[in-house]
Amino acid sequence: MSASSAPQPVKLSLPLVYQQKLFEELRKEDELVILARGLGLMRLITNLLHSYDAAGNNLIVVVNAEDRENAWIGEALAEHAAISMSPKARGLTVVNTDFTSVGTREKMYAHGGIFSITSRILVVDLLTNLLNPETITGMIVLHADRIVATSLEAFILRIYRQKNKAGFLKAFSDNPDPFTIGFSPLATMMRNMFLRKASLWPRFHVQVAQSLEGKKKAEVIELEVPMTDSMREIQTAIMECVEISIHELKKENTGLEMEDWNLDSALTRNFDLMVRRQLEPNWHRVSWKTKQIAGDLTVLRGMLQSVLALDAVSFLQQLDTIHAAHKPAPGTTRQTESPWLFSDAAQTIFETARQRVYSSKQKAGPNSTIESLKPVLEEQPKWAVLADVLEEIDRDLYFEPAVRDDSNGTILIMCADTDTCRQLRDYLQTMHIRPRTAKKVEEVYDPEEDKPSGAFLMRRKLRNYLNWKREFAQVNATLFSENQKALSGAVDPRLPQARGRGGAPANKRRRVRGGGGVGSNPSRHENGSIVQHFEKPNEVADLMSEIQITEDDAGGQAAEEIITFATADPLEDMDDYYQLYDMQDLVVIHAYEGDQDEHVLEEVKPKYIIMYEPDASFIRRVEVYRSSHNDRNVRVYFLYYGGSVEEQRYLSSVRREKDAFTKLIKERASMSIVMTTDSHGVEDPESAFLRTINTRIAGGGKLAAKATAQPPRVVVDVREFRSSLPSLLHGRSMVIVPCMLTVGDYILSPTICVERKSVSDLISSFKDGRLYAQCETMFQHYKNPMLLIEFDQNKQSFTLEPFADLSGSLRSVNPENAGANDLQSKIVLLTLAFPKLRIIWSSSPYETAEIFERLKALEEEPDPIAAVRAGLGEGESPDEDGGVNEGKGGAVNVNGGSMFNMEAQEMLGKVPGVTPKNIKNIIVEAENVREVANMEVEELGRLVGREAAGRIVEFFEKDVLEDYGG
């Protein structure tokens, strides 16, 4: 469909100059737009889509959109259509497997409109010509930063550009970082998307700065909150543990690039992912210690965030959980404590965290050795600042006359996650409740005592923590009681036995700093790691008596129970429990949600915004919101802990984004333009793709392929489009025919069928026995079945050696089990069962595509219809896609009649005596698996034969306990 007719005037909601300028650019030409986070990317996209939607004669495809973005676009298009009164506007149609069948999709595409289609459905529809690429007016690509040469989205764009040179193509991203990694990354990414122009819009862009820094700036009040001494001490200790972990990683892995592995970069948001990405190619070769430290970095970085976000009691509970998780599991011969748990800094973390919650005092008496615990309950410093800010807002609202504007008097508090939202809600509900002490005195007004406080909330949290700790201690004792026995009695046959009972010789024993024995320190294990602290019953009793539930506490809990009970049934007695609040009296606590925050600002219209935790993108959203509305005044309170990781992370994120845009601007300035004869400046997509994956591929091979009368064809199972191999095959001038195959994954010729397995899939296929059945069915229908074992060149080395069971468990070191779980041994057993099975070893998907090309060289082309029918029963028929009609929940339509549950079929298929040939007779006769289990031999004999019936009945009647005892 063309958009040649002039579109009628439409109303847009782009009030700022830079938004209008960018919209005009996008309407004129195709380009990649990289916009800084928070500058209104989704608003720009929805206005652009509405301008095409209002014309009513377009077919627009939105690629790579997430569910929440689909909801946003659909709502925005409906709103725009109502405001513009566009009679031809149709809104957004989401196409996914849940609601749309093949026939329905074909009718929708013929009718036109705006469609958001999942990538797997779109690529199949384009390849089968269900959606003709020539009829598409244009494509809008979201999250352009995720599109690499072998991604499904790049495959879609290549198919589109091969058959449609006139349609528009516009890509969007608000994440500049991926465009700065590698050699000329911007040019490479643009080549993947067949685009020539990049439009960069950072926050420091002249037009953006002029739009946001005019007269209508929001009033911002920065509040630096000092951390308590305990919090600073814990943060310093955690940073020391991070430094220890990084040092250990460097020592263990000397051959890797480790310039960025330092304490400063450890504060960035994705440092642990960066380390993991560098280790991935050698992941199976690195020691278990390296793997553990890589996991520890994630835990420690989470603790850095938690010490600032969680209250003292919740943080202590999290530490208890982390400590328990690092204990060795029962039956293991390996001590799994992490290196940081052996450091003095770790002891500082655990002890200081306890001192924030309670302190111990010696009881009165000359010979008393019993200590009693007293609650300390250190509050978060931001709580008091938050209470002061709310009090200041109340004073302003009371003493200063309200300025007439479009803002509500609502107070919006923004924080990092829902847990912090819950914490602040509880604090604001209880900050004026005072817990009663045992001694009641005359109530005298004391301004210090009547300040908002979290004492009530903290006492309640401490009660819950002590109850949890009591149960946790019982579970801990039960679960790990046999652990030390297993460790002390374990024998590793792979190692030479110790000569004596004393273990290591005296000169090899571990020395302890200070000269004293390790056992003299009760807070350490024999191996030097920290012992988990459990309070004594009498100490807990004293502490519980200090924080007993008083009448006020009980009243507060009862009120909460009433509210909770009321919300349980929202339809009954609604008027008694629900009312419409006046926006002036409302305090809204909300977590940061990216683009969705723009909706929150527009709907709540807050006059006061409290940023409980810093977020650079939200600050920009507030700037855009304030600059877009002349009649809305906003005051922002910006809270952050001075000298904390929180402040450092915020500053580094701003700096990193600025550096990324600076690199992009420099690359764009020096980037060469691809000159082609095409009027749109788009080179041949096949050439672009081949040059992207391998610069050594010249034109000769391609010309030879095109010289043949019929292009090579490969029948591919539609489930295989999760991998990059179909895209690579298509890049080698092969015709991809997507079908729903019952036997095999790739059909290369009438005689060659290939079952593709990644290493992880191969391991799981051996575990559940699926691979044996797949090989069996391939031999029934094809002369040359092949098993392809494909490695990932970016994640794995080309070897199976590391996938042996090296876990160190007692079972793995038992000589009787040696080789039983080894992957190589299982492959040998498979080849003994199927001697004619050919196994293809491929180091990467690129190598696989080359192997397939060589295998097809002298073979006939496969018949898609025959490939689909292979493995189907007599009554089964392929659907329009060439597969079996598949319903919801994995139900399969056989004979065009009733629906059968695939999960139940797969379960039944594992029973001895049930084969692919006789399972159909069983599922037609029996209603469910229970009915099959209760059938007699005679009944089953009529369906599957006497011998098979005997095996089925024997399986269901087998006594599990007797079998286990035997």
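Residues numbered from 1 in each chain as written. Predicted model: local features only at pLDDT ≥ 70, side-chain atom pairs only at ≥ 80, totals over all residues. Heavy atoms only, no water.

**Q** Describe the overall build of the protein chain, with residues and values.
**A** Across its full length, the protein chain holds 37 helices and 22 strands. Accessible area of the protein chain: about 50500 Å², with a carbon and sulfur share of 51%. (Helix = DSSP H or I, 4+ residues; strand = E, 2+ residues; numbered from the N terminus. Areas by Shrake-Rupley, 256 points an atom, 1.4 Å probe, with all protein chains shown as cover.)

**Q** Got a sec to walk through the pattern of salt bridges? Specific residues and values, please.
**A** Where charged atoms from two side chains of opposite charge approach closely, those side chains can pair. If you walk through the whole model with that rule in mind, you get 36 salt bridges. Two residues, Arg719 and Asp717, come together in a salt bridge whose shortest N-O distance is 2.9 Å. The exposure class assigned to Arg719 is partly exposed, which follows from its relative accessible area of 38%. The exposure class assigned to Asp717 is buried, which follows from its relative accessible area of 3%. Among the ionic pairs, Glu850 bridges to Arg732, the shortest N-O distance being 3.9 Å. You can see Glu850 sitting in helix α30 (residues 845-855) and its partner Arg732 sitting in the loop between α26 (725-731) and β16 (735-739), a full 118 residues away along the chain. (Salt bridge = Lys/Arg side-chain N within 4 Å of Asp/Glu carboxyl O. Buried < 20%, exposed > 50% of the residue type's maximum accessible area, 1.4 Å probe, protein only.)

**Q** Can you break down the sheet that holds strand β2 (residues 59-63) residue by residue, with the values?
**A** Taken in spatial order, the seven strands line up as β3-β4-β2-β5-β6-β1-β7 in an open sheet, and their pairing is parallel. Two strands in the sheet have a free side with no partner beyond their single neighbour: β3 (92-95) and β7 (198-201). Neighbouring strand axes in the sheet, compared pairwise and without regard to direction, differ in orientation by 20° on average. (Pairing = 2+ DSSP bridges. Axes fitted to C-alpha atoms, helices over the stretch in contact; angles between N-to-C directions.)

**Q** Tell me about the sheet that holds strand β8 (residues 219-225), and please be specific about residues and values.
**A** Taken in spatial order, the five strands line up as β8-β14-β13-β11-β12 in an open sheet, and their pairing is parallel. Of all the strands in the sheet, just β8 and β12 (587-591) have a single pairing partner and so form its edges. Each strand axis lies, on average, 20° off the axis of its neighbour in the sheet, ignoring direction. The strands touched by helix α15 (residues 418-430) within the sheet are β11 (411-415) and β12, with β12 carrying the most contacts at an inclination of about 160°. (Contact = heavy atoms within 4.5 Å.)

**Q** Outline the pairing of strand β6 (residues 168-173), listing residues and values.
**A** Counting buried residues in β6 gives six out of six residues, a clear majority hidden from the surface. Where strand β1 (residues 32-35) and β6 come together, three bridges link them in parallel fashion. Looking across to β6, one finds that Leu32 is bridged to Ala171. Pairing of strand β5 (residues 138-141) with β6 involves four bridges; the strand directions are parallel. Its bridge partner lying in β6, Val141 is registered against Ala171. Once the chain exits β5 it traverses helix α6 (residues 152-163) before rejoining the sheet at β6, and the crossover so formed is right-handed. (Right-handed = clockwise from strand over helix to strand, strands pointing away.)

**Q** Provide a residue-level description of the nonpolar core, including the pertinent values.
**A** Of all hydrophobic cores here, the largest spans 97 residues; its most connected members are Leu32, Met139, Ile140 and Phe172. Core analysis: the next-biggest nonpolar cluster, separate from the first, contains 69 residues, Met231, Leu249, Leu319 and Leu377 among them. (Core = buried A, V, L, I, M, F, W, Y, C linked by side-chain atoms within 4.5 Å.)

**Q** Before we move on, can you summarise the packing of aromatic side chains with the specific residues and values?
**A** Here the structure, examined in full by the defined rule, presents 11 aromatic pairs. Taken together, a centroid distance of 5.6 Å and an interplanar angle of 10° make the contact between Phe779 and Phe834 stacked. Highlighted residues: Phe779 in helix α28 (residues 770-781) and Phe834 in the loop between α29 (823-833) and β20 (838-842), separated in sequence by 55 residues. Residue placement shows Arg27 over the ring face of Tyr52; its charged tip is 4.3 Å from the ring centre. Above the ring of Tyr612, the side-chain terminus of Lys382 is found at 5.0 Å from the ring centroid. (Phe/Tyr/Trp six-rings, centres within 6.5 Å; stacked < 30°, edge-to-face > 60°. Lys NZ or Arg CZ within 6 Å of the ring centre and 35° of its normal.)

**Q** Please provide a residue-by-residue account of a nonpolar patch on the surface, values included.
**A** A surface patch of nonpolar side chains, amounting to about 320 Å² of accessible area, comprises Val828, Leu829 and Leu832. Here Val828 shows up in helix α29. (Patch = residues over 30% accessible without salt bridge, like charges linked within 9 Å, V, L, I, M, F, W, Y side chains within 5 Å.)

**Q** Please set out the packing of helix α7 (residues 185-192) against helix α23 (residues 645-670) residue by residue, giving values where relevant.
**A** The N-to-C vectors of α7 and α23 enclose an angle of 70°; their axes lie 9 Å apart at closest approach. When the axis of α7 is compared with that of α23, the two are roughly perpendicular. Contacts between α7 and α23 pair Pro185, Leu186 and Ala187 from the former with Leu664, Glu667 and Arg668 from the latter. (Parallel < 35°, antiparallel > 145°, perpendicular 65-115°, else oblique.)

**Q** If you had to explain a negative patch on the surface to someone new, which residues and values would you point to?
**A** Residues Glu925, Glu927, Glu931, Glu936, Glu938, Glu939, Glu954 and Glu957 make up a contiguous surface patch of negative charge. Of all elements in the fold, only α35 (937-944) and α36 (946-957) reach the threshold of two or more residues within the negative patch. Mapped onto the elements, Glu936 comes out in the loop between α34 (929-933) and α35. (Lys, Arg positive; Asp, Glu negative; His and termini not counted. Charge placed at Lys NZ, Arg CZ, Asp CG, Glu CD.)

**Q** Explain unusual backbone geometry residue by residue, including any values.
**A** The residue Leu377 is not glycine, and still its phi comes out positive at about 55°. Looking at the element boundaries, Leu377 is found in the loop between β10 (371-375) and α14 (381-399).

**Q** Report on the environment of Pro614, specifying residues and quantitative values.
**A** Among the secondary structure elements, Pro614 is positioned in the loop between β13 (608-611) and α22 (616-628). Accessibility expressed as a relative area gives 15% for Pro614, which makes it buried. In this structure the C-alpha to C-alpha distance between Pro614 and Met414, which are 200 residues apart in sequence, comes to 9.0 Å.

**Q** Account for α35, naming residues and giving values.
**A** Three or more residues of α35 are buried, namely Leu940, Leu943 and Val944. All buried residues of α35 lie within an arc of 75° about the axis, which places them on one face of the element. Summarising the contacts, the buried residues of α35 are in contact with α33 (919-925), α34 and α36. Of the residues trailing α35, Gly945 is marked for its positive phi of about 100°. (Arc of directions from axis to C-beta.)

**Q** So what's going on with the pairing of strand β15 (residues 713-717)? Residues and values would help.
**A** Counting buried positions over the five residues of β15 gives four, a clear majority of the element. Bridge analysis of β15 against β16 gives five bridges, and the strand direction is parallel. Each residue of the ladder has a partner; that of Val715, found in β16, is Val737. With respect to chirality, the unit in which β15 leads through α26 into the neighbouring parallel β16 is right-handed. As defined by bridge partners, β15 adjoins strand β17 (residues 746-747) across two bridges and the pair is classed as antiparallel. Residue Val715 lies in a different strand from β17, and its bridge partner there is Ile747.

**Q** So what about the state of the cysteines? Which residues, and what values?
**A** This model, assessed by the stated rule, comprises zero disulfides. Here Cys421 stays unpaired: no disulfide links it, and the sulfur of Cys415, its closest cysteine neighbor, is 3.3 Å away. Since its relative accessible area comes to 12%, Cys421 is described here as buried. (Disulfide = S-S within 2.5 Å.)

**Q** Tell me about the side chain of Gln235, and name the residues and values.
**A** Residue placement: Gln235 occurs in helix α9 (residues 229-252). A polar atom in the side chain of Gln235 sits 3.2 Å from the backbone nitrogen of Val645. (Polar contact = N/O pair within 3.5 Å; in protein donor to acceptor, adjacent residues only side chain to side chain.)

**Q** Explain the environment of His730 residue by residue, including any values.
**A** Tracing the chain through its elements places His730 in helix α26. In this structure the C-alpha to C-alpha distance between His730 and Ile159, which are 571 residues apart in sequence, comes to 9.1 Å. If we skip the residues at most four places from it in the chain, His730 touches Leu127, Phe155, Arg158, Ile159, Gln162 and Ile736.

**Q** Report on α6, specifying residues and quantitative values.
**A** The terminal C-alpha atoms of α6, which comprises 12 residues, lie 17 Å apart, in line with the 16 Å expected from a rise of 1.5 Å per residue. With 10 of 12 residues buried, α6 is to be regarded as a mostly interior element. (Expected span 1.5 Å × (residues − 1).)

**Q** Tell me about the packing of α9 against helix α13 (residues 344-357), and name the residues and values.
**A** It is the contact of α9 with α13, at a shortest axis distance of 8 Å, that shows an interaxial angle of 155°. As judged from the angle between their axes, α9 and α13 are roughly antiparallel. With respect to the hand of their crossing, α9 and α13 are arranged in left-handed fashion. Mapping the contact onto sequence places Ser230, Met231, Glu233, Ile234, Ala237, Ile238, Glu240 and Cys241 in α9 and Ala345, Ala346, Thr348, Ile349, Thr352, Ala353 and Arg356 in α13. Considered class by class, the residues forming the contact of α9 with α13 number nine nonpolar, three polar and three charged. (Left-handed = near helix turned anticlockwise from the far one by under 90°. Nonpolar A, V, L, I, M, F, W, Y, C, P; charged D, E, K, R; others polar.)

**Q** Account for the confidence of the model for the protein chain, with residues named and values stated.
**A** Averaged over every residue, the pLDDT of the protein chain is 76; residues scoring 70 or more account for 71%. Contacts from residues 551-568, a stretch scored under 50 in pLDDT, to residues over four places away or in other chains number 15 contacts. Ignoring residues within four places in sequence, the model shows residues 879-899, a span with pLDDT below 50, making 48 contacts including any to other chains. (pLDDT = per-residue confidence, 0-100.)

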